Amino acid sequence: MQSNQDIQPMHPAGEEEINLREQLDRYLANWRWFAVGVVVCMILAFLYLRYATPEYSVSATIMIKDDKNGGVSSELSAFEDMGMLFGNNTNSVDNEIEVLKSRTLMETVLRQKGFNISYFTTGRIKTSETYNPPVKVNFSMADSALYELDTTFTVRIASDTRFELLNQEEESQGEFGFGENIETSFGKITILPHSANTQEYGGQVVTVKVIPLAKVTQSYLQRLQVNLVGKNTSVIELSLNDPVQRKAEDILNGLIEQYNADVVADKNLVSRNTAQFIDERLQVIEQQLGDVEENAEGFKQRNRLTDITSEASLALESAGEYEKRIVEAETQLQLTDYLITYLQENNDNSSLIPANISTENGNSGNMIMEYNKLVQERTRLLKSSTENHPIIINLDGQIASLRQSIAQTLSNLKSSQTISLNELKQQEQLLGSKISAVPEQERVFRGIQRQQQIKETLYLYLLQKKEETAISLAVTAPNAKIIDAAYGQDIPVSPKRNIILLAAIILGVLIPFGVIYLKDLLDTKLQGRKDIDGKLSVPFLGDIPKSHSNDDMITVSSRTAAAEAFRILRTNLDFMLANANGDKAKKIFVTSTLSGEGKTFVSTNLAGTLALSGKRVLLIGMDVRNPKLSEYVNLPDSRGLTNYLSNGETRIDDLIFGINREGFANLDVLHSGAIPPNPAELLMGDKVGVLFEELEDRYDYIVVDTAPVSLVTDTLLISKYADVFVYVCRAGYLDKRMLAVPENLYKEKRLPNMAILVNDSDAKKGYGYGYGYGYGYGYGHTEEASPWWKKLFGK
């Protein structure tokens, strides 16, 4: 027996060359599978395209305006004549993109349009969402509960006035009329016809899905794309993919409208606070002005004064200039006091400070402008953030710091204005000494008149600014200019028909290719002559194709490919036995590497083929451990070779029997007999040689069915009696790594005149040459007809 340790590899790793034509032929031989793969994948692609829900892309384009053409600075421009400039405040386009993508903005639009409720109509092929449903459902519940509701129910329209309601489990809840209040597990609902003519919708099924607003918002936010059109532009493109094109258009248009409304509201916030501050001061000053005028009237009545004497006209002319300056200084001082009082009363981070109401505030105007800008930015960010957000906390710190600086600046300004006013009054007192001759009444009246002028001037000024602020509120422009309103193409963007079909074709080719490649990669079995030629030094005797016939033995009328192969084998053996002793029987031994490779099948049919040529043939079963000869030949006696070898009195002639079949008169069979306990010792005996000497004079050929060489040593013990060894290798059964066994046996010359025969080969897998020329499907053909599907796939 050939031990596993003695088996050497046939070739060093890497010696085998890749034959591209051979690889190509391997795939071309399976062209039917590629055709079927493409057809199946194309069918699946068409089914997918037929049943998939298409999605349409809708886009809109807007341009973000610069705040220097509108916004906070334009609203406060009414106070620019007082010298308080707020500067230019430009928008950050990146910030506006984030606002457009915010959850708050999307949720507001979806809430306004009620898009947490979807309607689906059932067609002949699929159920699809509709934007114009036959019915409309009204929910009698709080908005907070509706926006958290998650349910599904079905409305089956029975007539123009009646419908059937089914719950989420498709269980009927009864038949109701349109407009009727219906009590359900989640609350009361009312179903109304969406059009006046519901008769045309009779029998139609409408599925109503109510999804929590948070989930709907998240779904649309994931599909919403907001991107800059160009790197150096402020033009933004909004795009949204949705199965319902009109719905996506309404969402994008709603986003733009709501965005502009929020921006306008933010811009008007400063103007509204300024107008409120002016209204409050007008009420106070109006009261003060009335009191001063009443004092002047009472003074004149008590002192019976109608006109001012011109006795001190020259002195008064000089003092008039100081009085005018004192009036202006006191006006500025009161405005500063108003700002300080307002700052103390409104000390939270969300209140805006009235701006540009003083002409001598110096740097405080710029600081107030920066303060209002930070408050407005904080208010805006709070729409999509919380007060604990790091940016909000940072803004709170900046606002508090800036507020303290403004308070300190106003305090310093008040001190400066007080000093200036005191200096003016001192100058006025100096002039007062020059007009000491003026009656006391004149001096008292001047004081009253001065107070009246101060209040009147301030009142008229604030009244004018009130009107200007009201105008700015009415003409505030939106921040986004619509360049292109939402519009979508009728061609769906998903699924892409051409790409799906192309992918189906590619997949239809790749799947068979991959299967064949993996099959070949994982296949370690011998497939045919291609696995032997050029790889083994053992002569190749031939191959026996796969037989589809039910006959165990070949007869004279057999015209199968296997029958022709055995006839060719008979001819090839004659060439190998050309040097054999012509007077003696030519002894043909048949062996294999493993059990089950068909050596008994080959032995039986080879013996039968030789017998059909008119030669005297003896078939001996020498596989005494696992005899299978009886499966092919029916013998009248179970005794055989082992009985002869173990019993010296048994005659060999008593153990040889003929075959009772037409055409096999020249074929005799010697069965292996009973399985002995010591087969190797029997075959080592001299009686085996005596047996061959006795039989080789009676027959022309002796065909011996021996045991597998890699399992037991029996065959090697009797190899010296053989003229030729037919080494059977079964295709699709023997591992190619086991080909090292016959290769080593041949190189070591342990089996004389050895040649390999491939059994059960497939011409398509092994690239054989085929047999049966001239017979085809004509007279005498004994192959069984293959089913159409086997013919299609080359089985």
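Residues numbered from 1 in each chain as written. Predicted model: local features only at pLDDT ≥ 70, side-chain atom pairs only at ≥ 80, totals over all residues. Heavy atoms only, no water.

Visitor: Would you mind going over the overall build of the protein chain in detail, with residue names and values included?
Guide: Secondary structure summary: the protein chain contains 22 helices and 21 strands in total. Every one of the 795 residues in the protein chain was classed for burial, and the buried ones make up 44%. In the protein chain, the proportion of contacts linking residues at least 24 apart, taken out of those at least 6 apart, comes to 80%. Carbon and sulfur atoms make up 50% of the accessible area of the protein chain, which amounts to about 41,400 Å² in all. (Helix = DSSP H or I, 4+ residues; strand = E, 2+ residues; numbered from the N terminus. Buried < 20%, exposed > 50% of the residue type's maximum accessible area, 1.4 Å probe, protein only. Contact = heavy atoms within 4.5 Å. Areas by Shrake-Rupley, 256 points an atom, 1.4 Å probe, with all protein chains shown as cover.)

Visitor: How would you sum up the side chain of N479? Please name residues and give values.
Guide: Within the element layout of this structure, N479 appears in the loop between α12 (440-474) and β13 (480-488). Looking at N479, the relative accessible area reads 2%, which means it is buried. Within the structure, N479 has its side chain in polar contact with the side chain of Y259 (distance 2.9 Å). (Polar contact = N/O pair within 3.5 Å; in protein donor to acceptor, adjacent residues only side chain to side chain.)

Visitor: Would you mind going over the environment of Q287 in detail, with residue names and values included?
Guide: Following the sequence through the fold, Q287 ends up in helix α8 (residues 245-303). Here the alpha-carbon distance between Q287 and K455, two residues 168 residues apart in the chain, equals 9.5 Å.

Visitor: Quick rundown of the pattern of salt bridges? Include the residues and the values.
Guide: If you walk through the whole model with that rule in mind, you get 30 salt bridges. Among the ionic pairs, E107 bridges to R111, the shortest N-O distance being 2.9 Å. Of this pair, E107 and R111 are both found in helix α5 (residues 103-113), four residues apart, which corresponds to roughly one turn of the helix. Take E107: its relative accessible area is 23%, and that puts it in the partly exposed class. Of the charged contacts in the structure, one is a salt bridge between D653 and R651, with a shortest N-O distance of 3.4 Å. A relative accessible area of 46% means that R651 is categorised as partly exposed. Each of R651, D653, D654, E694 and R698 takes part in one network of salt bridges that share partners. (Salt bridge = Lys/Arg side-chain N within 4 Å of Asp/Glu carboxyl O.)

Visitor: Can you lay out the packing of helix α2 (residues 31-51) against helix α13 (residues 497-522) for me, pointing to particular residues and giving the numbers?
Guide: Remark: α2 packs on α13, axes separated minimally by 8 Å, with the N-to-C direction vectors making an angle of 145 degrees. For the pair α2 and α13, the crossing hand works out as right-handed. Where α2 abuts α13, its residues W33, F34, G37, V38, C41, M42, A45, F46, Y48 and L49 lie against R497, I500, L501, A504, I505, L507, G508, V509, I511, P512, F513 and I516. Residues that form the contact of α2 with α13 fall into these classes: 19 nonpolar, two polar and one charged. (Axes fitted to C-alpha atoms, helices over the stretch in contact; angles between N-to-C directions. Left-handed = near helix turned anticlockwise from the far one by under 90°. Nonpolar A, V, L, I, M, F, W, Y, C, P; charged D, E, K, R; others polar.)

Visitor: Before we move on, could you go through empty space enclosed by the protein and cite the residues and values that matter?
Guide: For the structure shown, the criterion picks out two cavities of 30 Å³ or more. Forming the boundary of the second largest cavity are V270, N273, T274, Y342, L352, I353, P354, A355 and N372. By residue class, the composition of the lining of the second largest cavity is six nonpolar, three polar and no charged. (1 Å grid on protein atoms, 1.4 Å probe; cavity = no way out; pocket = protein on both sides within 12 Å on 5 of 7 lines; lining within 4 Å. Points joined across faces, edges and corners; volume = space filled by probe spheres on them.)

Visitor: I'd like a description of the nonpolar core, backed by residues and values.
Guide: Most often, soluble globular proteins keep nonpolar side chains buried together rather than apart. Within the largest apolar cluster, 42 residues are counted, with the highest numbers of intra-cluster contacts made by I620, M622, L670, F692, L695, I702 and Y727. Look past the residues within four positions of I702 in its chain and what remains in contact with it is A585, K586, K587, I588, L618, I620, F692, L695 and E696. (Core = buried A, V, L, I, M, F, W, Y, C linked by side-chain atoms within 4.5 Å.)

Visitor: Residue-level account of a negative patch on the surface, with values.
Guide: Together, D291, E293, E294, E297 and E456 give the surface a local cluster of negative charge. By the secondary structure assignment, E456 is in helix α12. (Patch = residues over 30% accessible without salt bridge, like charges linked within 9 Å, V, L, I, M, F, W, Y side chains within 5 Å. Lys, Arg positive; Asp, Glu negative; His and termini not counted. Charge placed at Lys NZ, Arg CZ, Asp CG, Glu CD.)

Visitor: Could you give an account of the side chain of D735, with specific residues and numbers?
Guide: Along the chain, D735 turns up in the loop between β20 (724-730) and α20 (740-747). What makes D735 buried here is its relative accessible area of 12%. Only 3.1 Å separates the side chain of D735 from the side chain of T524, close enough to count as a polar contact. When residues no more than four places from it in sequence are discounted, the contact partners of D735 are T524 and K525.

Visitor: Quick one: what's the story with the packing of aromatic side chains, residue by residue and with numbers?
Guide: Counted under the stated rule, the structure contains 13 aromatic pairs. Their ring planes at 40 degrees and their centres at 6.2 Å tell us that F163 and F176 sit as a pair that is tilted. Taken as a pair, F163 in strand β6 (residues 162-166) and F176 in strand β7 (residues 172-177) lie far apart in primary sequence, 13 residues in all. Of the two residues, F163 and F176, neither departs from the other in class, the shared state being buried. In textbook terms, an aromatic cluster arises when at least three aromatic residues are bridged by ring pairs, as seen for F589, F692, Y721 and F725. The ring of Y220 has R223 sitting right over it, with the charged end atom 4.4 Å from the ring centre. Seen from the ring of Y338, R281 lies directly overhead, with NZ or CZ sitting 3.5 Å from the centre. (Phe/Tyr/Trp six-rings, centres within 6.5 Å; stacked < 30°, edge-to-face > 60°. Lys NZ or Arg CZ within 6 Å of the ring centre and 35° of its normal.)

Visitor: How would you summarise a nonpolar patch on the surface if you had to cite specific residues and measurements?
Guide: A contiguous nonpolar patch, built from V39, V40, I43, L44, L47, Y51 and I125 and spanning about 630 Å² of accessible area, is present on the exposed surface. In this fold, L44 is placed in helix α2.

Visitor: Explain helix α7 (residues 213-223) to me, using residue names and the numbers behind them.
Guide: Along α7, the residues classified as buried are L213, V216, T217, Y220 and L221. Projected down its long axis, α7 shows its buried positions confined to an angular sector of 130 degrees, all on one face. Within α7, the exposed residues directed more than 90 degrees away from the buried face are K215 and Q222. (Arc of directions from axis to C-beta.)

Visitor: Got a sec to walk through the pairing of strand β4 (residues 135-140)? Specific residues and values, please.
Guide: Judged by which residues are buried, β4 turns out to be one-sided: V135, V137 and F139 face inward and are buried, whereas K136, N138 and S140, on the alternate face, are not. Note that β4 and strand β9 (residues 187-193) share six bridges and pair antiparallel. Residue pairing across strands places N138 opposite T190, the latter belonging to β9. (Pairing = 2+ DSSP bridges.)

Visitor: Describe helix α10 (residues 364-381), with residues and values.
Guide: Given 3.6 residues per helical turn, the α-helix brings residues three or four places apart onto the same face. For α10, which comprises 18 residues, the first-to-last C-alpha distance of 25 Å matches the rise-based estimate of 26 Å (1.5 Å per residue) to within 8%. Considered for burial, the residues of α10 that qualify are S364, G365, M367, I368, M369, Y371, N372, L374, V375, Q376, R378 and R380. (Expected span 1.5 Å × (residues − 1).)

Visitor: An account of the sheet that holds β13 is needed here, citing residue identities and associated values.
Guide: Sheet architecture is open: four strands sit in the order β11-β12-β1-β13, paired in antiparallel fashion. Every other strand in the sheet has two partners, leaving β11 (225-228) and β13 as the edge strands with one partner each. When the angles between neighbouring strand axes are averaged without regard to direction, this sheet yields 15 degrees. Where strand β1 (residues 56-64) meets strand β12 (residues 235-242), eight bridges bridge the pair, whose relative direction is antiparallel. Bridge pairing in β12 links Y56 to D242. The strands touched by helix α4 (residues 93-100) are β1, β11 and β12; relative to β11, the strand with the most contacts, the crossing angle is about 170 degrees.

Visitor: Hey, could you go over the packing of helix α14 (residues 561-576) against helix α15 (residues 599-612) for me, with residue numbers and the actual values?
Guide: Across the interface, α14 lies against α15 with an axial gap of 9 Å and an inter-helix angle of 75 degrees. Between α14 and α15, the angle falls in the class roughly perpendicular. Judged by residue contacts, F566, R567, L569, R570 and L573 of α14 engage F601, V602, N605, L606, T609 and L610 from α15. (Parallel < 35°, antiparallel > 145°, perpendicular 65-115°, else oblique.)

Visitor: So what's going on with unusual backbone geometry? Residues and values would help.
Guide: The general pattern is negative phi for most residues beyond glycine and trans for most peptide bonds. Cis geometry is adopted by the peptide bond preceding P495, which originates at S494 and carries an omega value of -5 degrees. Take P495: it is sitting in the loop between β13 and α13. A positive phi angle, close to 55 degrees, is found at K749, a residue other than glycine. Among the structural elements, K749 can be located in the loop between α20 and β21 (754-761). Residue class for K749 comes out exposed when judged on its relative accessible area of 72%. One non-glycine residue, N753, adopts positive backbone phi at about 50 degrees. The residue N753 is located in the loop between α20 and β21 in this model.

Visitor: So, the environment of V726: which residues are in play, and what are the values?
Guide: If you trace the backbone, V726 turns up in strand β20. The buried category is assigned to V726, whose relative accessible area is 0%. The spatial distance from the C-alpha of V726 to the C-alpha of S603 is 9.2 Å, given a sequence separation of 123 residues. Ignoring any residue separated from it by four or fewer positions in sequence, one finds V726 in contact with L541, L573, I588, F589, V590, T591, A755 and L757.

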